[in-house]
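# Reading the structure
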Amino acid sequence: MSSAANETLAKTLPAASASLFNTQSLSYIIFLSFLVAGIKFWYGSGQKKGYERLPFPPGPKGIPILGNALQLPLKAPWIKFKDWAAVHGDVFYLSMMGQHVVVLNSYESGLDLLHKRGAIYSDRPGMALVRDHGGWKFSIVTEPYGDVFHLKRRYINQALNPSGTKKQYNMLNDNMRLFIQSLLQNPSKIQAYNRMYTGANIMMMTYGHQVTGEDDEYIRNADDAMITLEASGTIGAHPIDMWPILGSLPFSIWGKKFADHMVTMKKTTNLVSTLPYDNIKQKFFDGTAVPSMATSLLEENLNPDKTINNEECINGSLAIVYIGASLITVASIDTFIIAMMLNLDVQREAQETIDELLQGERLPTWEDRESLPYVEAILKEVLRWKPVVPGGIPHRSIQDDEYNGQFIPKGTMMIFNVLAMMYNPKEFPDDPEGFNPRRFLKSDGGKYGLRTHVRDPADIAFGFGRRVCPGRHFADAWLWLSIATLLATFEISLELDAAGNPILPDLEYEVGLVSHPKPYKCLLKPRSQMASLLASEFNH
Ligand code: HEM
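Residues numbered from 1 in each chain as written. Predicted model: local features only at pLDDT ≥ 70, side-chain atom pairs only at ≥ 80, totals over all residues. Heavy atoms only, no water.

## With respect to the sheet that holds strand β6 (residues 413-416)
Stated precisely, the cut-off is as follows: Here, any two strands with at least 2 DSSP bridges between them count as paired. Helix numbers and strand numbers start at the N terminus; a helix is a DSSP run of H or I with at least 4 residues, a strand a run of E with at least 2. For this analysis, residues touch if any pair of their heavy atoms sits within 4.5 Å. Helix axes are fitted only over the stretch in contact, all axes being lines through C-alpha atoms; the angle between N-to-C directions runs from 0 to 180 degrees.
One open sheet accounts for 4 strands, arranged β1-β2-β6-β3; its pairing is mixed. Edge positions in the sheet fall to β1 (91-96) and β3 (395-396), since each of these pairs with one other strand and no more. Bridge analysis of β3 against β6 gives 2 bridges, and the strand direction is antiparallel. Each residue of the ladder has a partner; that of His 395, found in β6, is Met 414. Here helix α3 (residues 77-88) sits on the sheet and contacts β1, β2 (99-104) and β6; the angle it forms with β1, its principal contact strand, is near 120°. Across the face of the sheet, helix α4 (residues 107-115) comes into contact with β1, β2, β3 and β6 while running at roughly 130° to β2.

Right, dumping it as structure tokens:
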């Protein structure tokens, strides 16, 4: 999204979720909290049965009725969760105005509960605010666990599983060449080109739509929808999510800013979920559509009378793939560039291994992947150092359960704290907050290899169990190709200001559901080792 457009949109949104609460709305919340607490007390005063006799996991002490609600920062709560984990343990409990919340801060607890007990922990919290009122109902991310979820998941998986992703390799290669060519002509536009070509992959894969410029309408709409979503604060944590009945009151009770925000959200979700689908459907029936995930699903669901079965699920699956993919992977590639500018020694070592293999005669291909462990280690560290979804996306339990002698009630919001898992000193002891791909490497007689007993950050970054990110193979393929090709072709360094001082990137990322770096400056110089190849491939 252009910065001007970004600013315009930003003006219509609440600056932070904290502003979503005004005095009037707070009094509704407090009234409802008392009501719910009273009802709970009335019903709960009987004898406790089964797991109910067990204690909740430990956690910070809250206040009556509101519980921990006022202790939780609405911005980047995962940082506070990480601090609480140090005091209360890897699995701790919070009460948010009567809503049970369990936060998982270790890979083991995520694996034990969200993966191994996936039949219990694969639902999503209500999310009534964005789902029922903001137009996000199309998205599988907000879909409750059930038949519609399974159908959407099947539609997405058949396009993005490992074999579906392999079918996209040629297209990814073509786009990588265009990416490099654009950078050779205008290296200072690395952020714009990253967004454009990463988006181009997914638009082609999803709708057969060719992105030809930096201001592609589909990518812009996806950005707008995501920015609006992020401005709503922690998804699932608004009072309307806790008590959906509040959603039937006029939005103005939460203040004018909030009411305007909901109108903007509705507009942006309407655009992403109708425009590309209507266009591709038209082309499909005209016989002019380029084969894509959309055309496969339309063919599979076409009736002889030209109606389409499961149209809402098809449209929703396409839309969320294009929104998710175009924004999330871009942030990881930006993180790679920033890490390379700040860690020139790592960059040199990785480039030496690439030069040894390619001899400056060709660009890297996927067949080289196993022979380039250093590149693999950088990819792992990029996912770990600045996780793109640092607070995870909450799951919800659908039955009472027991874990390590503690009670997890049905309906608990299960938050997996990706940041705490990635910075866990037991898993990553050597300066967990620093960028260091060598933690994944061993060196044997000058040859690098991957250490096998270190946790793979991909096991955490993409989530857990039946909700694990379905785009992980596609993201991994493009990330690897981007890292290997950019290292092979460019020297990546800090730009200098007029006085000759390096311009450092801001390591405080923008935080929302997706964490991404702020605009940064970077110097890209074609590598001399690749000079003749780049000249013959791109410079005519
Ligand atoms: C670096 C890149 C990416 C990261 C780190 C990432 C991470 C995640 C995470 C943490 C989740 C939540 C999983 C859970 O609830 O347990 C998720 C869900 C999802 N991701 Fe990704 N993702 C990435 C790229 C992509 C791409 C490229 C696509 C599509 C092509 C995609 C599509 C989705 C979808 C549709 C869901 C919702 C799944 C569900 O609710 O069942 N993601 N992703």
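## Remarks on the UniProt feature "binding site: heme" (unreviewed entry) in the protein
Definition in use: UniProt positions are given in the numbering used here, feature names are shortened, and annotations may be inferred rather than shown by experiment.
On the UniProt side, "binding site: heme" (unreviewed entry) is annotated at positions that read Cys 469 here. By the secondary structure assignment, Cys 469 is in the loop between α18 (458-461) and α19 (472-489). When near neighbours in sequence (up to four residues on either side) are disregarded, Cys 469 contacts Arg 153 and Phe 462.

## Some words on the side chain of Asn 301
The cut-off we apply is this: Within 3.5 Å is the distance limit for a polar contact, defined as a pair of N or O atoms, with the added protein rule that one can donate a hydrogen and the other accept it, and that residues adjacent in sequence qualify only through two side-chain atoms.
By secondary structure assignment, the location of Asn 301 is in the loop between α13 (293-300) and α14 (311-342). In this structure the side chain of Asn 301 is engaged in a polar contact, spanning 2.9 Å, whose partner is the backbone oxygen of Leu 297. The residues contacting Asn 301, other than those within four sequence positions of it, are Tyr 155, Thr 307, Ile 308, Asn 309, Asn 310 and Ile 314.

## A closer look at the environment of Val 511
Examined against the element boundaries, Val 511 turns out to sit in the loop between β9 (490-493) and β10 (523-526). Taking the C-alpha atoms as reference points, Val 511 and His 133, separated by 378 residues in sequence, lie 23 Å from one another. Contact partners of Val 511, with chain neighbours within four places excluded, come to Lys 75, Ala 76 and Trp 78.

## Section: the packing of helix α15 (residues 344-358) against α19
To be explicit about the condition: The cut-offs work like this: below 35 degrees is roughly parallel, past 145 is roughly antiparallel, 65 to 115 is roughly perpendicular, and the gaps in between are oblique. When residue character is reported, Ala, Val, Leu, Ile, Met, Phe, Trp, Tyr, Cys and Pro are called nonpolar, Asp, Glu, Lys and Arg charged, and the others, Gly included, polar.
Two numbers describe how α15 lies on α19: the axes approach to 9 Å, and their chain directions differ by 90°. One element, α15, and the other, α19, form an angle in the roughly perpendicular class. Note on element contacts: α19 touches α15 through Ala 484, Leu 487 and Ala 488, opposite Gln 347, Ala 350, Gln 351, Ile 354 and Leu 358. Counted by class, the contact of α15 with α19 contains 6 nonpolar, 2 polar and no charged residues.

## Some details on the confidence of the model for the protein
Inclusion rule: pLDDT: the predictor's confidence for each residue, scored from 0 to 100.
Taken residue by residue, the protein gives an average pLDDT of 90. The fraction at 70 or more is 90%. Low pLDDT, under 50, characterises residues 1-23; the stretch is placed with 40 contacts to residues that sit more than four places away or in other chains. Interface scoring of the predicted complex returns ipTM 0.97; its pTM is 0.90.

## What to know about the environment of Asp 83
With respect to the helices and strands, Asp 83 occurs in helix α3. Distance in space between the C-alpha atoms of Asp 83 and Ala 420 is 8.8 Å, their sequence separation being 337 residues.

## Looking at the packing of aromatic side chains
Rules: Two rings from Phe, Tyr or Trp (for Trp, the six-membered ring) form a pair when their centres are within 6.5 Å of each other. A pair whose planes differ by under 30 degrees is stacked, one over 60 is edge-to-face, and the rest are tilted. In this scheme, a residue with accessible area under 20% of its type's maximum is buried, one over 50% is exposed, and one in between is partly exposed, where area comes from a 1.4 Å probe on protein chains only. Whether a charge sits over a ring depends on NZ of Lys or CZ of Arg being within 6 Å of the ring centre and within 35 degrees of the ring normal.
In the structure shown here, the tally under the stated rule is 22 aromatic pairs. Ring geometry for Phe 56 and Tyr 93: centres 4.3 Å apart, planes at 5°, overall stacked. In this pair, Phe 56 is assigned in the loop between α2 (23-44) and α3 and Tyr 93 in strand β1, connecting sequence segments 37 residues apart. The class for Tyr 93 is buried, based on a relative accessible area of 11%. Between Tyr 145 and Phe 149, the aromatic rings sit 5.4 Å apart at their centres with planes inclined by 50°, giving tilted as the arrangement. Every member of this aromatic cluster is reached through a ring pair, and the members are Phe 179, Tyr 193, Tyr 197 and Trp 478. Of note, Lys 386 hangs over the ring of Trp 385, and the distance from its end group to the ring centre comes to 5.3 Å. We note Lys 386 situated over the ring of Tyr 509; from NZ or CZ to the ring centre the distance is 4.7 Å.

## What to know about the site of the ligand
Formally: One heavy atom suffices: a residue is near a molecule or strand as soon as one of its heavy atoms comes within 4 Å of it.
Residues in close proximity to the ligand total 26 residues, the closest being Arg 124, Arg 153, His 395, Arg 467 and Cys 469. A distance of 3.0 Å is found between an oxygen atom of the ligand and a backbone nitrogen or oxygen belonging to Phe 464. In the model, an oxygen atom of the ligand is placed 3.0 Å from a nitrogen or oxygen of the Arg 467 side chain. Among the residues forming the shell around the ligand, the class breakdown is 18 nonpolar, 5 polar and 3 charged.

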